[in-house]
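Survey of secondary and tertiary structure
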Amino acid sequence: MSIIQVEDVSMRFNLAQEKTETLKEYTVKLLKHQLFFNEFYALRDISFKIEPGESVALIGRNGSGKSTMLKLIAGVMYPTTGSVTVNGEIAPLIELGAGFDLDLTARENVFLNGAVLGHDRAYMQEHFQNIIDFAELWDFVDVPVKNYSSGMIARLGFSIATEVRADILACDEILSVGDFMFQQKCHQRMEQMLSGGTTLLFVSHDINQVKQLCKRAIWIDHGHLRGDGPAEEVCNAYVAAMERGE
Amino acid sequence: MQKSTGQLHNSWHNFSKYRPLIRELVTRDLKVKYRRSVLGYMWSILNPLLMMLLQTLVFSYMFRFDIPNFPLYLICGNTLFNFFNESTNMGMGSVLGNASLIKKVYVPKFIFPISRVVSSFVNLLFSLAAILLVMLITRSPFYWTILLVWAPLLLLLAFCCGMAVLLSALAVYFRDLQYLYGILTMAWMYATPLFYPISALPPFMVPVIKLNPLYHYINCMRCLVMYGTLPGPNTWIACVGSAVVMMGVGLAAFRKLQRNFILYL
């Protein structure tokens, strides 16, 4: 059984709708029939399947719809038409430290963030040691997170999301944070998870990173599926298209 | 197993899986609330006491109503009304306030308003100490009925949960609600017999006030704490009925509206 199944997914955003925030604007636009103008399809009729244990990259230019795709898979958004089926636990690495409360300490945030991912206190207690070890934050474990640097927050976020068990790891351009040493560690951890059977879904512009981590790549261009196959092949086609100036 | 479309999530499974999250969010709220204040949780007791003292002075010397043990009468009503006011207000902004999280991680969204209401409820439990203190100071007799006080409190909790869930969903679509609601609660406060007895109203107003669910919760509380009587069946029906209806309406509306939250956050 596929672990992720995406069938004929289209995602429509209403550009005008997003600006309508007050009752007055809403009424005015309703009267002028402007409410439902400016439809924008971020994704159109995308279908693919991902099997357990695969490492798949979503590539494409800025605004091509790859992050939208990742959010649909993570269950953050619902597609306008079509369906997304996921058979497993997702650890979302969409933005590191998204669930942190800046007034709380690292220790308290580990439990809060764990709960956001659906894990209880006892489970997080078991993994607490490893999480702080990996993030190398023992010196600051009882300091409020608002005093952390952005690199430290990212380290803690990555450490929590990858320490807890998950069937799917969904990453969105996160390895660009942290210093060189930590990036190396992250790569190692991800490769380790891959060999342990975790499915990896990776969004990036960095073609070298993609080739290094993923075996398969899916190329999304202006919301359409443009390529799906071995990472090497799809990446080369993508680079060639960019060079042609498309 | 998780499905984004087609089938609806199994709500109960979701609820039990994310129960630790409610606990963590409540702990967070309580920790952050009084962090860095010198007296900390004491404020949950001190605040209603000071408020009651002030209002007792105002209403004993400026506008007089003949109510026996006015301080206790006041604090019973105020404690419940403040809980209602605080929990629904905070609950209303909770989905908007957690937008950054909702945009990035899948979390059942009703958790946010519910956890805010539960935090306020914990606060309310602290405030009960203030009521006890007032009873001791005013030498008010203790009746056995005070042991039943959990009933109106839990029913009010359910009512506020429903209300907060509803408001939090509506506020996503119409942000003006946040400003409008302040006025609404003000009107609601005057329509609730907090510092006046219902008998002081002209007769035609009485049935109107009885449409106000908060009147029944507060009345029930006062019967149990102050008068040592069991409230009549009408009061119980009103309390249970409004809690059930509010929960039902709130959850149903939230379920329908939450699908498109992300497009408006």
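Bear in mind the structure is a predicted one, so any value in this text is a computation, not a measurement.

We now examine the side chain of Thr 105 of chain A. Mapping Thr 105 of chain A onto the fold places it in the loop between β5 (90-93) and α4 (106-116). Setting aside residues up to four positions removed in sequence, Thr 105 of chain A forms contacts with Val 141, Asp 142, Val 143, Pro 144 and Val 145 of chain A.

Moving on, we get to the UniProt feature "domain: ABC transmembrane type-2" (unreviewed entry) in chain B. The sites that carry the UniProt feature "domain: ABC transmembrane type-2" (unreviewed entry) are, in the present numbering, residues 39-257 of chain B. As annotated, residues 39-257 of chain B comprises 74% helix and 0% strand, and the C-alpha atoms at either end are separated by 41 Å.

Residues and elements named next belong to chain A. The element strand β3 (residues 55-59) is extensively covered by neighbouring structure, given that 5 of its 5 residues are classed as buried. Side chains Ser 55, Ala 57 and Ile 59 of β3 all project onto a buried face; the interleaved residues Val 56 and Leu 58 project onto the opposite face, where all are buried too. Inspection of the sheet shows β3 paired to strand β7 (residues 199-203) by 4 bridges, in the parallel sense. Each bridged residue has a counterpart across the sheet, and for Ser 55 the counterpart in β7 is Leu 200.

Bringing the domain arrangement of chain A into the picture now. Residues and elements named next belong to chain A. According to the domain assignment, chain A consists of domain 1 (2-87 + 166-242) and domain 2 (99-163). Ranking the residues of domain 1 by area buried against domain 2 places Phe 182, Lys 185 and Arg 189 at the top, with a combined share of 62%. Counting across the interface, domain 1 meets domain 2 through 2 salt bridges. Across the pair Glu 163 and Arg 189 runs a salt bridge whose closest N-O atoms are separated by 3.8 Å. The interface formed by domain 1 and domain 2 contains 3 residue pairs in polar contact (both at pLDDT 80 or more). Top contributing element to the side of domain 1 that touches domain 2 by residue count: helix α7 (residues 180-195), with 6 residues. Class assignment of the residues belonging to the side of domain 1 that touches domain 2 gives a composition of 8 nonpolar, no polar and 2 charged.

With that out of the way, let us pick up the interface of chain B and chain A. Tallying the contact residues gives 34 residues for chain B and 40 residues for chain A. Carbon and sulfur atoms supply 56% of the area that chain B and chain A bury against each other, a total of about 3500 Å² over both sides. The partner of Asp 101 of chain A in a salt bridge is Arg 28 of chain B, with the nearest N and O atoms 2.9 Å apart. Counting every contact that joins chain B to chain A gives 4 residue pairs in polar contact (both at pLDDT 80 or more). Elements supplying a minimum of two residues to the side of chain B that touches chain A: β1 (2-3), α2 (19-34), α5 (99-102) and α12 (261-264) of chain B. Examining the composition of the side of chain B that touches chain A, we find that 8 residues originate from one element, α2 of chain B, more than from any other. In terms of residue class, the side of chain B that touches chain A is made up of 16 nonpolar, 5 polar and 13 charged.

Attention now goes to helix α9 (residues 231-243) of chain A. All names here are of chain A. With 13 residues, α9 extends 18 Å from end C-alpha to end C-alpha; this agrees with the ideal 18 Å at 1.5 Å per step. When we look at burial in α9, the residues that qualify are Ala 231, Val 234, Cys 235, Tyr 238 and Ala 241. All buried residues of α9 project into a common sector of 125° when viewed along the axis, lining one side. Facing away from the buried surface of α9 by more than 90 degrees, the exposed residues are Glu 233 and Glu 243. Where α9 is buried, its residues touch β3, α8 (207-213), β8 (216-221) and β9 (224-230). Phi turns positive one or two residues past the end of α9, at Gly 245, with a value near 85°.

Another aspect to go through is a nonpolar patch on the surface. On the surface, a cluster of nonpolar side chains totalling about 610 Å² of accessible area is made up of Val 38, Leu 39, Met 42, Trp 43, Leu 50 and Leu 53 of chain B. Tracing the backbone shows Leu 53 of chain B in helix α3 (residues 42-61).

Thresholds, definitions, all that
- Residues numbered from 1 in each chain as written.
- Chains lettered and ligands numbered in written order.
- Predicted model: local features only at pLDDT ≥ 70, side-chain atom pairs only at ≥ 80, totals over all residues.
- Heavy atoms only, no water.
- Helix = DSSP H or I, 4+ residues; strand = E, 2+ residues; numbered from the N terminus.
- Contact = heavy atoms within 4.5 Å.
- UniProt positions renumbered as here; feature names shortened; annotations may be inferred.
- Buried < 20%, exposed > 50% of the residue type's maximum accessible area, 1.4 Å probe, protein only.
- Pairing = 2+ DSSP bridges.
- Domains from an automatic or database assignment.
- Buried area = accessible area lost by both parts, 1.4 Å probe.
- Salt bridge = Lys/Arg side-chain N within 4 Å of Asp/Glu carboxyl O.
- Polar contact = N/O pair within 3.5 Å; in protein donor to acceptor, adjacent residues only side chain to side chain.
- Nonpolar A, V, L, I, M, F, W, Y, C, P; charged D, E, K, R; others polar.
- Expected span 1.5 Å × (residues − 1).
- Arc of directions from axis to C-beta.
- Patch = residues over 30% accessible without salt bridge, like charges linked within 9 Å, V, L, I, M, F, W, Y side chains within 5 Å.
- Areas by Shrake-Rupley, 256 points an atom, 1.4 Å probe, with all protein chains shown as cover.

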